[in-house]
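# Examining the three-dimensional arrangement
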Amino acid sequence: MNVPFLDIKAQNSSIASELSEAMGKVMESAAFAGGPFVKAFEDEFAAFCGVQHAVGVSNGTAALWAVLMAMGVGPGDAVITVPNTFIATVEAISLCGATPIFVDVEPGTWTMDPAKLEQAICPRVKAILPVQLYGQMADMDAILNIADKHGLSVVEDAAQAHGAAYNGRRAGSMGTAGCFSFYPGKNLGACGEGGAVVTDDAELAAAVRRFREHGQSAKYYHDEIGFNARLDGLQGAVLSVKLKQLEAWNQARRENAAVYMELLDGVPGLSLPRIAEGRTHIFHLFTVQHAERDALIEHLQKKGVACGIHYPVPIHLTKAYAHLGVPAGSFPVAEQCAQQTLSLPMFPELTREQIEYVAGCIKDFVS
C-alpha cells in the first residue's frame, strides 16, 4: 500500500464546484489585488479566531514581518522565540533588523517552555514570539503572565494552528497579535500563497495594512517604507470557501490522531504526542519520536509510507544563524526533537485502513 504524507487533491476535489464558482466571481469582477473578496475573508477569519481585525497578506512570513514592523521592532531590539521552528519565524525578526533570542521547549508538546523564558529577558527584548507547533498551542497563560510582568508584547506564530485552542480561546486571539500562513498544505490552505495577521488592536491592524501596501494610508500617500505584501482576490475567495469546512476537517484530523494513538500506544521506544490539559490540538502534523528515526523513515519509505521531518536542524545550528555563536547543546530538548522527530501521514481524508497500515509498518520495524 502507498500512503501519501498529504493529499491536497482529495481535499480540493471534494469542494471543486464551490472553488470554481468562487474563482469565477473573482475573474468576472477582476478584483485581483485586495478588494471585496479579501475583505470578506478577513471579516470571516476574524470572527473565526474571535478577534476584531484580520489583515490578509501575501504569506505567513510577511504576516510575521509586518506585525513586528508595525510594533516598532527594529535594530537594537531583540525578540524571544524557539529554535525548533521553520526559519520564517526567525527570518521575520532578522528582516526587521532585530536579534532573535532562543529559549528551549517543553518535552512532549515541543512548545516554548515558560520556565526557561524569564531568564532570557533582557533590556533589548521587545516581544515574545511563541510558536503554536504542529497544531497545539503553547502554555499561553504562563507566557502572557511573564510578558505582562515585563511590559512585553506577545506575537503568536499560529501558522500551524488554524482553529487550535487554549482553554477555549482560539489561536491568534491571546497575544497582542497572531500570524497565520495559508500555504496549501496547512489545515486552512490557499490554492497558492497567503497569510494573515489577527488582532484586537485597531491601530496595530491599520499599521499592518499600511506595511502590506508600500506604507501607504491612501493611494500615493506613503507614511513609511513598507512592502508589497497583499493577499490577492483569488486566494481570498478560495479561503472563504475552505474556511466553511475547517471545523469538520480539523475534527477529522483529531479522529485520525486518536486512531494513531490507539494503535501505537505502548510501542517500545516510540514517543507519542502529548496533548496538554485545556488545549485543543488540531494536528496539522502527527509527530512521533524514535531514537532510530532515520532508519525508521527509511523502513517506512520502503513500505510505501511517505513521512517528513519537522525540523531536522534547529535554527541556532543552521548556517544562516551561525553568526549568533550559539553552540550545540544550548537547547537540549529542541535539539532532541530535531534528531528524533518524524511526522506521519496526516490529513482529513486519511482512512483507518491507511493508518492501520502505517502503524503496522512501525510495529514491524520495532520488532
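Structure report, in brief. Since the model is a prediction, treat every value here as computed from it, not as a measurement. Sequence order sets the numbering: in each chain, residues are counted from 1 along the sequence as written. Where totals are concerned, whole chains, interfaces and linings use all residues; where local detail is concerned, this predicted model gives features only for residues with pLDDT of at least 70, and gives and counts side-chain atom pairs only at 80 or more. For the side-chain quantities, the full set of heavy atoms in the structure was used; hydrogens and water were omitted.

## Points about the sheet that holds strand S8 (residues 177-181)
As a reminder of what qualifies: Whether two strands pair depends on DSSP finding at least two bridges between them. Elements are defined by DSSP. Helices are runs of H or I of four residues or more, strands are runs of E of two residues or more, and each kind is numbered from the N terminus. To define axes, lines are fitted to C-alpha atoms, for helices over the stretch in contact only, and angles between the resulting N-to-C directions are given on a 0 to 180 degree scale.
With mixed pairing, the seven strands of this open sheet are ordered in space as S1-S9-S8-S5-S4-S2-S3. Of all strands in the sheet, those with a lone pairing partner are strand S1 (53-57) and strand S3 (99-102), marking the two edges. Each adjacent strand pair in this sheet contributes to an overall mean axis angle of 25°, direction not counted. By the bridge criterion, four bridges tie strand S2 (residues 78-81) to S3 in an arrangement that is parallel. Bridged to Val79 within S3 is Pro100.

## Quick word on the sheet that holds strand S7 (residues 169-170)
Read from one edge to the other, the open sheet built from three strands follows the order S7-S6-S12, with strand pairing classed as antiparallel. Two strands in the sheet have a free side with no partner beyond their single neighbour: S7 and strand S12 (279-280). With two bridges joining them, strand S6 (residues 165-166) and S12 adopt antiparallel strand pairing. Its bridge partner lying in S12, Tyr166 is registered against Arg279.

## Things to note about the packing of aromatic side chains
Put simply, the rule reads: Stacked, edge-to-face and tilted labels apply to pairs of Phe, Tyr and Trp rings (six-membered ring for Trp) whose centres lie within 6.5 Å, assigned for plane angles under 30 degrees, over 60, and everything in between, in that order. Here the term buried applies to any residue with accessible area under 20% of the maximum for its type, exposed to any over 50%, and partly exposed to those in between, with areas from a 1.4 Å probe on protein chains only. Any Lys NZ or Arg CZ found within 6 Å of a ring centre and within 35 degrees of that ring's normal is scored as a charge over the ring.
As enumerated under the stated definition, the model contains eleven aromatic pairs in all. Both rings, one in Phe86 and one in Tyr311, keep their centres 6.3 Å apart while their planes meet at 35°; by these two values the pair is tilted. Taken together, the residues span a long stretch of sequence, with Phe86 in the loop between S2 and helix H5 (88-95) and Tyr311 in the loop between helix H11 (293-302) and helix H12 (332-340) at a distance of 225 residues. Owing to a relative accessible area of 47%, Phe86 belongs among the partly exposed residues under this scheme. Put simply, the rings of Phe41, Phe45, Phe48, Phe180 and Phe182 touch in pairs and so form one group of aromatic residues. Across the ring face of Phe48, the terminal group of Arg170 is positioned such that the distance to the ring centre comes to 4.1 Å.

## Structural notes on unusual backbone geometry
In this structure, the amide linkage connecting His310 to the following residue, Tyr311, adopts the cis form with an omega of 5°. One non-glycine residue, Ala30, lies in positive phi territory at about 60°. By secondary structure assignment, the location of Ala30 is in the loop between helix H2 (16-29) and helix H3 (36-49). According to the relative accessible area criterion, Ala30 is partly exposed, its value standing at 48%. Phi is positive for Phe283, which is not a glycine, with a value near 45°. Relative to the elements of secondary structure, Phe283 occurs in the loop between S12 and strand S13 (286-289).

On their own, these measurements won't tell you what the molecule is for.
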